[in-house]
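Each chain, letter by letter, is given below.
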Number of protein chains: 6
Amino acid sequence: MKVVTFGEIMLRLKSPGFERFLQSPMLEATFGGGEANVAVSLACLGINSSYVTAVPDNPIGRACIGELSRYGVDTSKVLKTGKRLGTYYLEQGACQRSSVVIYDREHSSVSETTAEQYDWEKIFEDVSWFHISGITPAISANAANVTIAAVSFAKNKEIQISCDLNYRSKLWKYGKKAPEVMSEVMKYVDVAIGNEEDCQKSLGIETKILPNTAGFNEDAYKEITEKVLSTYPNLKKVAITLRQSNSADINGWSAVLNNRKEYLKSVRYDINDVVDRVGSGDAFASGLIYGFHKYGGDKEALNFAIAASCLKHSVPGDLPLITETEVLGLLKSGGSGRVQR
Amino acid sequence: MKVVTFGEIMLRLKSPGFERFLQSPMLEATFGGGEANVAVSLACLGINSSYVTAVPDNPIGRACIGELSRYGVDTSKVLKTGKRLGTYYLEQGACQRSSVVIYDREHSSVSETTAEQYDWEKIFEDVSWFHISGITPAISANAANVTIAAVSFAKNKEIQISCDLNYRSKLWKYGKKAPEVMSEVMKYVDVAIGNEEDCQKSLGIETKILPNTAGFNEDAYKEITEKVLSTYPNLKKVAITLRQSNSADINGWSAVLNNRKEYLKSVRYDINDVVDRVGSGDAFASGLIYGFHKYGGDKEALNFAIAASCLKHSVPGDLPLITETEVLGLLKSGGSGRVQR
Amino acid sequence: MKVVTFGEIMLRLKSPGFERFLQSPMLEATFGGGEANVAVSLACLGINSSYVTAVPDNPIGRACIGELSRYGVDTSKVLKTGKRLGTYYLEQGACQRSSVVIYDREHSSVSETTAEQYDWEKIFEDVSWFHISGITPAISANAANVTIAAVSFAKNKEIQISCDLNYRSKLWKYGKKAPEVMSEVMKYVDVAIGNEEDCQKSLGIETKILPNTAGFNEDAYKEITEKVLSTYPNLKKVAITLRQSNSADINGWSAVLNNRKEYLKSVRYDINDVVDRVGSGDAFASGLIYGFHKYGGDKEALNFAIAASCLKHSVPGDLPLITETEVLGLLKSGGSGRVQR
Amino acid sequence: MKVVTFGEIMLRLKSPGFERFLQSPMLEATFGGGEANVAVSLACLGINSSYVTAVPDNPIGRACIGELSRYGVDTSKVLKTGKRLGTYYLEQGACQRSSVVIYDREHSSVSETTAEQYDWEKIFEDVSWFHISGITPAISANAANVTIAAVSFAKNKEIQISCDLNYRSKLWKYGKKAPEVMSEVMKYVDVAIGNEEDCQKSLGIETKILPNTAGFNEDAYKEITEKVLSTYPNLKKVAITLRQSNSADINGWSAVLNNRKEYLKSVRYDINDVVDRVGSGDAFASGLIYGFHKYGGDKEALNFAIAASCLKHSVPGDLPLITETEVLGLLKSGGSGRVQR
Amino acid sequence: MKVVTFGEIMLRLKSPGFERFLQSPMLEATFGGGEANVAVSLACLGINSSYVTAVPDNPIGRACIGELSRYGVDTSKVLKTGKRLGTYYLEQGACQRSSVVIYDREHSSVSETTAEQYDWEKIFEDVSWFHISGITPAISANAANVTIAAVSFAKNKEIQISCDLNYRSKLWKYGKKAPEVMSEVMKYVDVAIGNEEDCQKSLGIETKILPNTAGFNEDAYKEITEKVLSTYPNLKKVAITLRQSNSADINGWSAVLNNRKEYLKSVRYDINDVVDRVGSGDAFASGLIYGFHKYGGDKEALNFAIAASCLKHSVPGDLPLITETEVLGLLKSGGSGRVQR
Amino acid sequence: MKVVTFGEIMLRLKSPGFERFLQSPMLEATFGGGEANVAVSLACLGINSSYVTAVPDNPIGRACIGELSRYGVDTSKVLKTGKRLGTYYLEQGACQRSSVVIYDREHSSVSETTAEQYDWEKIFEDVSWFHISGITPAISANAANVTIAAVSFAKNKEIQISCDLNYRSKLWKYGKKAPEVMSEVMKYVDVAIGNEEDCQKSLGIETKILPNTAGFNEDAYKEITEKVLSTYPNLKKVAITLRQSNSADINGWSAVLNNRKEYLKSVRYDINDVVDRVGSGDAFASGLIYGFHKYGGDKEALNFAIAASCLKHSVPGDLPLITETEVLGLLKSGGSGRVQR
């Protein structure tokens, strides 16, 4: 199996520990972005994974590519063009204080490329799965166009397409509303992933569920999965993650999946002392792709995905650096966290 | 509204993370002290806030003033005199292990100034609120005298005066007992703030409540507020914070306020994974001052104060670097800690 | 009272915070190892404690000795010989992710010494207690032989001997099974310490209890203590620690002790936000030795030991840097973690 | 004396020590920019100094303002507007390897403001000196227009104007050549500061001197100062700094000044082990402004300026954190670097 | 051009800055080793470079491979086998104090592999250059045998072979003397690289030159190059690096090359403030390989190599992270170290 | 040989790298003080060395003792009494900027002890050498009295006494001038050590030499040694260190010794890139004591001392962590700083 993901990767500038921005004159500097996180996660799970984006041809852009290579992602299709790598500032929340994300990603290399700059034929050679997210179409008209060109091309090659809806309220500033663009993208998608807010804001699906209100009541999400599936007849499956945010540190975590035949509920995990929840949705997406491929059954895939993403909460940084052994260990033992020695 | 606070600010030398003192040859070096924390907190909330103290005229003293300026506090009334900035060593507790504070503040600049060195007329120009604490009278006879001179002067100018009782058992070494001095200070005070131990040890009010015994039973504190109010007829309001310390990391947090008309109880917060509780009482005091000013109603002020100080528990260092938007967000949403992006 | 411990101390190379190995190009570098941890813990409790091992005569070996001296352990009997100090890599777990230990201790100095290299007469001069663990016999045939020589010598001098069973599945690679060697060692032992897995794997005692299954049901361990005592008639006491691992961060912690007369259960502690659990078993062992000596009664010793080891969970590094005052404070106050100021 | 400076301040993201970009996942994060550095330097010298710029109204922009306040700069005229704070990446050179600067400052707040957004009347109230640089006109047409509006306004108020030519080859991308814009700016300038390359590239003055070729031959620069003065009849003085770059670490440092009456040469300093040379030109400019004001004579001012900027080479970061006492000490003692104790 | 290198890569554990070992409980943890450094250096110069070694199949081994991938080295031929990754401890010298290296590399994975474990056919597919060093044959009899098998195989495929003699006095402990083994290896070598000590100790060539005695007298080395060439008739070229060590920080650096036709001398560089000299010999070797390939002429290659390795002295860590642009810039400009902005 | 030293040890709080105080909110926290440095240096050289002082009985005091123990110093005679450990703030100079020391040592434990608190009989048991400095008599009248009591007691026991004059202009605030007290102390001293300023200011010896003026002209110091010897007839030897401070980073270093028979000059070292010069005088003193003991001849001792103290300049922190092997290596090889591997 070979998977391609396409999107934007940014330099992530995080204040140390739980400090507010620039309490200390230092920022942790790593890289991340939804689709890149999926590519790295898949590579860590042992999948042949390739990431497509555009970065500037300068030391920052090259360091970014190097970091992806370090975890085994194929970066040979990355364009080196444009002026800047997008950045985002992250201040990690704690207790009742939320994490804060400040985007500084306008005019990034990937936001200014056009579909013609990419060699889609080569990008999709021998590829069986293509993953995108709702973030890329949100960053610029250009990026939305490239996204649609990519899914259209992939569809023609009969590649399976997954899309993490990932609604970002701080983006979508270039003149179009999310549902307007995403409904076009969704026509090509086989598997949609999101949370309740994504379904509402990204797809314009109306629902009575608000973030946190349904809590761990997985049944409450059945209706929304049905609405999504009925709106997009091409969709084969829709998966929804449920985060019960008690505080920045204490989260409940589970998911549901509707494959038009069954409405499946995952195991649930109580995650206390969250280390870093950024990228956990991406760990879920990659876990799902991996699970479909490796285990066949949707139930097994769903549980694998929720366990993989549960473990991501323990890893600092965007990247879900989790192995298959670790995921299976959690599914089997229940995560007692005993020292392995 | 312009607020002045007066007291001692120290260099805070903290071992990194949860390390015991000098496990590593490094100390985090920031600044803090009850009344300075209140001044910074008010400045972060947008209030015109001025801090009065004395620091030595050396690079450490100047760095201290710089740090206050950085957050917008007016430091133009700070005296540059004396020999040393007081310091305190902090080892952060975890699990069942308490935080340890070692004071090294004797002979500090502010502990050796006299009332005549301060230009009270200029200090209180256009000021409507003056905040002090029970720490300053505890450090030296001089500091106690300056405190009384200051509240007396402020009272004459019809400035509202708040006092955080803040009993410190490791101080009060210069020959007087806390109640002896504090009862003199309290004659000028309009709003008293404290916890149950402060009322007992700082004011000498007898009560059957011991730290942690009443836990979250806010009703148990009604009697003590009444005793305080009846002892000091000039007092308009007394507020008491209730900390349910389950461990160094897990605290319950609420407060009550008696304004002679009503006995009000705040919302309660369960704080897990405390990042830094030092300064949370100061965040409460500043939240109360801000709330009285901005919202009028004591109920709103009390809830604002408890929410502001709840958030302080998530910020490393003494300083309550919290904005009004964040406090209102917590009061509205309940602190789910979701990433803002 | 003078206590000697013998075993292997390693350089502990830990990734910072909760990072996976080498996410950052830095490793925290401290020293630790079961019996050394016990020696340091006893020294911190005020006991005259001496540690015997072998380290290479190079800057790393000398730094290791220096670290032990820093906490007051007598290192005058340490051999300077051999080629390398064993190391172990530690990746700290969080949430549902377990800590990972990678041993790189083969061919270490202590694993290659023979009994003749040690001056047992001098080592045991004026000594009343000797502590070993099941780790040393697991590292090499040589180390097993030295262990047996040491306990045999100590027994002849009527020194009390404690053994922490400490089964390590990643060791025992030199051709013998644990029970084969440990049953020989146990003939000399007065007090055995372990958890349920140690009893099974180290001693070959059959039991129906699996890690975590009995949870906090202290009664379930009575049978296993009786089996151990009946297998080794020389044994005076056996103590078993019970860890309820809910996750890497949240543990329950208690212990039981059978002295052939009584089956004693300790107080229980709920430990949230574990800082570092490595070395907590060693804190228990040292607490027990200290408690027997200082308090006489087994019940007091058991509670002292469980409280000391509870506090160890809050200290980064292998070494249980806990004082008697702190342990007694916890036993008295229940560990509310209030700031001491 | 009150001085205003106007320009762009950026977040400076520097790899630690001498590391290449992102060898470690960390960046030192401070703030700097030519005119802000001058404002901070003047404040450290005790001058009433105000800095005008535009920063986004977000935590990064506010932290930037806070940092300036920390050193006593008046930031009350800073606009809070626009989308982003410009950033620059810095990799510090060593030995024969040059420092690398990567600008990421396009679309910054200040680059997109217009002259009408600034309240010049208030900005220049009671001001006697205005300092700008050739960097601001290089970043955008808007910024060039604001610069010209500012100097024109200041000229009308008979404020003395200094301009550090500061040619930056990586800027000037908006369609105009440097000399085209700078010759307009220069009409309002009283004191010009630069190096030989600035005179050539920023002003279009032809000269035979190339960077480093004249080395420490201060006489070689007489002709170029005369050419600048004859081109701009309004100019009263021109000062040129001479850097003899033997390597990234070892520099010679001196300056010359032509005031139409005399051609003055400064003392020279050999600077080995340069800690951070960024901002040393700004330290020179502020030293000159300070020297003209405090000492009157151009010779004293020139020496003060070169000594202040010599000392800047020892301070990490952009900001010239140097006091008058230190500068005078160097001028008097010759910089033996003995410990002061 | 495709280059393969074979050898041992280690975890490099360095005390921070100029600290003695374990003054602080922290070690910088990077990777390095002569032949790996050459592979990374070539990849940074744009060459298709592949590295062959053996590492344990654990997180440390995988992190090591990841680090090589990060810089673009092909690691697909690395064996995952054996028990441990060799480590070395490094304490950086300063002033008159030498750097100290402590090897802990016995029993490493690569030291225990045999020639049969490697798929030489695949390793050398399409390869035109093979690089080894005198370190690998020094670590174990096995490693010496694999080295000879590799050069023999490569020779048969008419691949050019370079060998950096790299005599290491702390190795060669397995029973053979260096000249005994190296004279066998040298039969296959086309280009030998070393310093004067390497020629003497590794090859057993007698010479009157001692380290540092000839200093920068490049002529003194002619005789030794001729002796080496006459001893090994297959050798086409021999290059010798000349380090004039005035102190740990101040080195002179040049090289000579004898290609049997000419005796060439490189440019010389004075390197003050050495940041990290480890790996500079490897930068020289890779620069030479690159130069032969890119520029043809030996003179150009020699100067390219000495310039590349001069720049390595400014980069922390073993890896010569230097680009062709930087090398050519130094050769052209002379290394003034001016800031590039 | 057993050596005792007596004096004050402080917590040393240093800003990181070359940062000005509190540019970053962090301070390196180590321990040091003249006589403690001598004790540690002797221990590192293999001498049985004991340090006498007084520290508070709190975690900071205990950590201080632990640090001395770590390097093998006998701390069993240290008093645990008083209120605080003195501290000093250090900002490291660079280039032409001097290091700054801010003392905060008033009211320290040792400054308030009296001679009666020390058990001199036990302290001097089996001791053959006692070392003090001119710092202790400068801190308080009490400390001066204890010093005189100590040297008087030692003299009676016919212990050799060395005194490092160490004039500190920021001390001597308790009402007496240095020469008044030091002339009393000197009556008991056998070996005096100092620089030219110490002789003038500490002893009141008039001389025409000013710091740095004589530079490396060792002959110029003959007269001053003769004056010192003639003033104190009991003195056997006087040694003077000569520091040629070209800048904070570049120093020349040599010494002279007059033993009434010969006027000896040491080898000279040029020290570039000074890492930390604090404690180098103490390394000289300990080197002299060691050299007299080990080598007998004053010439050998003088050269050993100057080489040991030369090497101290390369070690961060106060403590001269240098071994005999390293000193002899430097004396033999001349300090080329080659990597030892």
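Remember, it's a predicted structure, so these values are computed and weren't measured experimentally. (Residues numbered from 1 in each chain as written. Chains lettered and ligands numbered in written order. Predicted model: local features only at pLDDT ≥ 70, side-chain atom pairs only at ≥ 80, totals over all residues. Heavy atoms only, no water.)

### A few points about the overall build of chain A
In plain terms, the rule: Under the DSSP-based scheme used, a helix requires at least four consecutive residues in state H or I and a strand at least two consecutive residues in state E, with every element numbered from the N terminus. Atoms counted for the radius of gyration: C-alpha only. Globule rule: 2.2 Å times residue count to the power 0.38. Think of it in three bands: with a 1.4 Å probe and only protein chains considered, a residue is buried below 20% of the maximum accessible area for its type, exposed above 50%, and partly exposed in between. Only heavy atoms enter the contact rule, under which two residues are in contact if any of them lie within 4.5 Å. Here the accessible surface of atoms and residues is derived via Shrake-Rupley with a 1.4 Å probe, and residues count as covered only by protein chains that are part of the display. Charged-residue counts in this description rest on Lys and Arg as positive and Asp and Glu as negative, His and the chain ends being excluded. To locate a charge, the coordinates of NZ of Lys, CZ of Arg, CG of Asp or CD of Glu are taken.
Along the backbone of chain A there are 11 helices and 15 strands. Taking 20 Å as the expected radius of gyration for a compact globule of 341 residues, we find that chain A reaches 19 Å, a close match to that expectation. With the C-alpha coordinates aligned to their principal axes, the bounding extent of chain A is approximately 50 × 45 × 40 Å. Scored against the burial criterion, the 341 residues of chain A give a buried share of 69%. If you take every contact in chain A between residues at least 6 apart in sequence, the share linking residues at least 24 apart comes to 69%. With an accessible surface of roughly 10900 Å², chain A has 47% of that area assigned to carbon and sulfur atoms. Each charge class in chain A was averaged separately, 39 positive and 40 negative side chains, and the resulting centres sit 2 Å apart.

### Things to note about the pattern of salt bridges
Opposite charge on two side chains lets them pair, provided their charged atoms get close. What counts, and what does not: Here, a salt bridge means any Lys or Arg side-chain nitrogen found within 4 Å of an Asp or Glu carboxyl oxygen.
As enumerated under the stated definition, the model contains 132 salt bridges over all chains in all. We note a salt bridge from Glu324(A) to Lys294(A), for which the minimum N-O separation is 2.6 Å. Taken together, the residues Glu324(A) in helix H11 (residues 324-333) and Lys294(A) in helix H9 (residues 280-295) connect sequence positions 30 residues apart. With relative accessibility at 42%, the residue Lys294(A) sits in the partly exposed group. Here Asp298(E) ties to Lys237(E) by a salt bridge, and the two come within 2.9 Å at their closest N and O atoms. With Asp298(E) in helix H10 (residues 298-312) and Lys237(E) in strand E12 (residues 237-245), the pair connects residues that are 61 residues apart, well separated along the chain. Comparing Asp298(E) with Lys237(E), the two get one shared label, buried.

### Quick look at the interface of chain B and chain A
How large an interface is tends to be reported as the accessible area lost when its parts come together. Worth spelling out the cut-off: Values labelled buried area give the accessible surface lost by two parts on being combined, using a 1.4 Å probe and summing over both.
Taken together, the 26 residues of chain B in the interface contact 31 residues of chain A. Between chain B and chain A the total buried area reaches about 2400 Å² when both faces are included, carbon and sulfur atoms providing 49% of it. Of all residues in chain B, Arg338(B), Gln340(B) and Arg341(B) bury the most surface against chain A, accounting for 33% of the area lost on that side. At the boundary of chain B with chain A, the tally comes to one salt bridge.

### Points about helix H8 (residues 222-231) of chain B
Residues and elements named next belong to chain B. For clarity, the threshold we go by: It is the directions from the helix axis to the C-beta atoms that the arc portrays.
Inspection of H8 places Ile224, Thr225, Val228 and Leu229 among the buried residues, and these make up the whole buried set. The arc that holds every buried residue of H8, seen down its axis, measures 135°, which confines them to one face. At its buried positions, H8 is contacted by helix H7 (196-203), strand E12 (237-245), strand E13 (251-258) and strand E14 (263-265).

### Details of the interface of chain E and chain A
Note the cut-off: Polar contacts, as counted here, are pairs of nitrogen or oxygen atoms within 3.5 Å of one another; within protein the pair requires one atom able to donate a hydrogen and one able to accept it, and residues that are adjacent in sequence qualify only if both atoms are side-chain atoms. In the scheme used here, Gly and all other residues not listed as nonpolar or charged are polar, with Ala, Val, Leu, Ile, Met, Phe, Trp, Tyr, Cys and Pro taken as nonpolar and Asp, Glu, Lys and Arg as charged.
The partner chain A presents four residues to the four residues of chain E that form the contact. Taking both partners together, chain E and chain A bury about 350 Å²; carbon and sulfur atoms supply 55% of that area. When residues of chain E are sorted by the area they lose upon contact with chain A, Gly66(E), Ser69(E) and Arg70(E) head the list and together hold 84% of the total. Counting every contact that joins chain E to chain A gives zero salt bridges. Inspection of the chain E/chain A interface yields zero residue pairs in polar contact (both at pLDDT 80 or more). Considering only residue class, the side of chain E that touches chain A consists of no nonpolar, two polar and two charged.

### A word on the relation of the copies chain B and chain A
Quick reminder of the rule: Alignment of the copies relies on least squares applied to C-alpha atoms, considering only residues that score at least 70 for pLDDT in both.
The two copies are related by a screw operation: chain B maps onto chain A through 120° of rotation and 0.0 Å of translation along the axis, at an RMSD of 0.0 Å. The relationship between the two copies is best expressed as a three-fold rotation axis. Among all residues of chain B, the one whose C-alpha sits closest to the rotation axis is Asp273(B), at a distance of 4.1 Å. In this assembly, only 4% of the residues forming the interface of chain B have copies in chain A that are likewise at the interface, indicating a heterologous arrangement.

### Thoughts on helix H2 (residues 59-70) of chain E
All names here are of chain E. Our working definition: For a helix, the expected span equals 1.5 Å multiplied by the number of residues minus one.
Over its 12 residues, H2 runs 16 Å from end to end, which matches the ideal 16 Å to within 8%, given 1.5 Å per residue. Burial in H2 covers these residues: Ile60, Gly61, Ala63, Cys64, Ile65, Gly66, Glu67, Leu68, Ser69 and Arg70. Of the residues that open H2, the one with a side-chain oxygen 2.9 Å from the backbone nitrogen of Ile60 is Asn58.

### Observations concerning a nonpolar patch on the surface
Put simply, the test is: Exposure above 30% relative accessible area and no salt bridge define the residues that can form patches, which grow by joining like charges within 9 Å and nonpolar side chains of Val, Leu, Ile, Met, Phe, Trp and Tyr within 5 Å.
A surface patch of nonpolar side chains, amounting to about 200 Å² of accessible area, comprises Val267(A), Leu328(A) and Leu331(A). Tracing the backbone shows Val267(A) in the loop between strand E14 (263-265) and strand E15 (269-271).

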